[in-house]
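Listed here are the chains, written in short residue letters.
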Amino acid sequence: QTKEYVQNPALLFTKLARREGLVTVWELTDMFWQQQRGIPIGFKFAKGGTPVIADAVGVVAHARHAEAAAAFVDWIGTAEAQRLAAEKAYRLPARRDLPAAELPAWAQTVLVEMKPAHYDRALVAARGAEWMERWDREIRGRSGH
């Protein structure tokens, strides 16, 4: 169902704003950033489940400022930092102990409407390379032109 691959996200959102495309699969935080810029787009979650990206953070081995980095990692896990990330950067909190009422309206809506998809690691490990080869062979680069 892929019509076209554009070279970068800016072109994608420009095409969506011009209604040259009506549907895309994209990361949720990017949708909110684009809405903030005035791009008239919205989102819907798949009823069967939505892939959830689990961001991670860590300290690089032998980091020059390891103590400061460790302190930052500790801070970003606090309730204060998680609320701030939700308010300022459209990030869902990783913590499950934050009351929904303390989160921005967008996050409250997402937490109610989004059903995380099941991810079968064993199946992906066993068949992922095959699926990507098929994607490359049968889909990628065939935009109907």
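Everything that follows concerns the structure shown earlier in this document.
Just so we're clear, the structure is a prediction, and the values are computed from it rather than from any experiment.

(A) Region of the structure containing the overall build of the chain. Within the chain one finds six helices and zero strands. What you see for the chain is a C-alpha radius of gyration of 19 Å, clearly larger than the 15 Å of a compact globule of 145 residues, by over 25%. Taking the principal axes of the C-alpha coordinates as reference, the chain spans close to 55 × 40 × 35 Å. Relative to its 145 residues, the chain shows a buried fraction of 18%. Counting only contacts in the chain whose residues sit at least 6 apart along the sequence, the fraction spanning at least 24 positions is 38%.

(B) Local environment of the pattern of salt bridges. By the definition in use, this model includes nine salt bridges. For Lys-15, the salt bridge is made with Glu-20, and the minimal N-O distance between the two is 3.1 Å. Look at Lys-15 and you get partly exposed, because its relative accessible area is 24%. Arg-137 is the salt-bridge partner of Glu-138, the closest N and O atoms lying 3.5 Å from each other. Among the charged side chains, a network of salt bridges with common partners joins Lys-15, Arg-18 and Glu-20.

(C) Representation of unusual backbone geometry in the model. One non-glycine residue, Arg-19, adopts positive backbone phi at about 65°. Of note in this structure, Tyr-90 is not a glycine but carries a positive phi near 55°. Its relative accessible area of 15% is what places Tyr-90 among the buried residues.

(D) The arrangement of the layout of surface pockets in detail. In this model, the largest pocket occupies a volume close to 1,500 Å³. Together, 45 residues line the largest pocket, and Glu-27, Leu-28, Thr-29, Ile-53 and Leu-92 are the ones closest to its centre.

Conventions we followed
Residue numbers here run from 1 along each chain, matching the order of that chain's written sequence. Confidence filtering applies because this is a predicted model: local features only for residues at pLDDT of at least 70, side-chain atom pairs given and counted only at 80 or more, and all residues used for totals across whole chains, interfaces and linings. No hydrogens and no water enter the side-chain calculation; it runs on all heavy atoms of the structure. Secondary structure counts use DSSP, requiring at least four H or I residues in a row for a helix and at least two E residues in a row for a strand, with both numbered from the N terminus. Every radius of gyration here is taken over C-alpha atoms, with the globule rule written as 2.2 Å times N^0.38, N being the number of residues. Categorising residues by exposure relies on relative accessible area from a 1.4 Å probe, with only protein chains included: less than 20% of the type maximum marks a residue as buried, more than 50% marks it as exposed, and the intermediate range marks it as partly exposed. Whether two residues are in contact is decided by their heavy atoms, any of which lying within 4.5 Å being enough. What makes a salt bridge here is a side-chain nitrogen of Lys or Arg within 4 Å of a carboxyl oxygen of Asp or Glu, nothing more. For each structure, a 1 Å grid was placed over the protein atoms alone; sets of points admitting a 1.4 Å probe that cannot get out are labelled cavities, open sets with protein on both sides within 12 Å along at least five of seven lines are labelled pockets, and lining residues have an atom within 4 Å of a point. Grid points are joined across faces, edges and corners, and a volume is the space filled by probe spheres set on the points.

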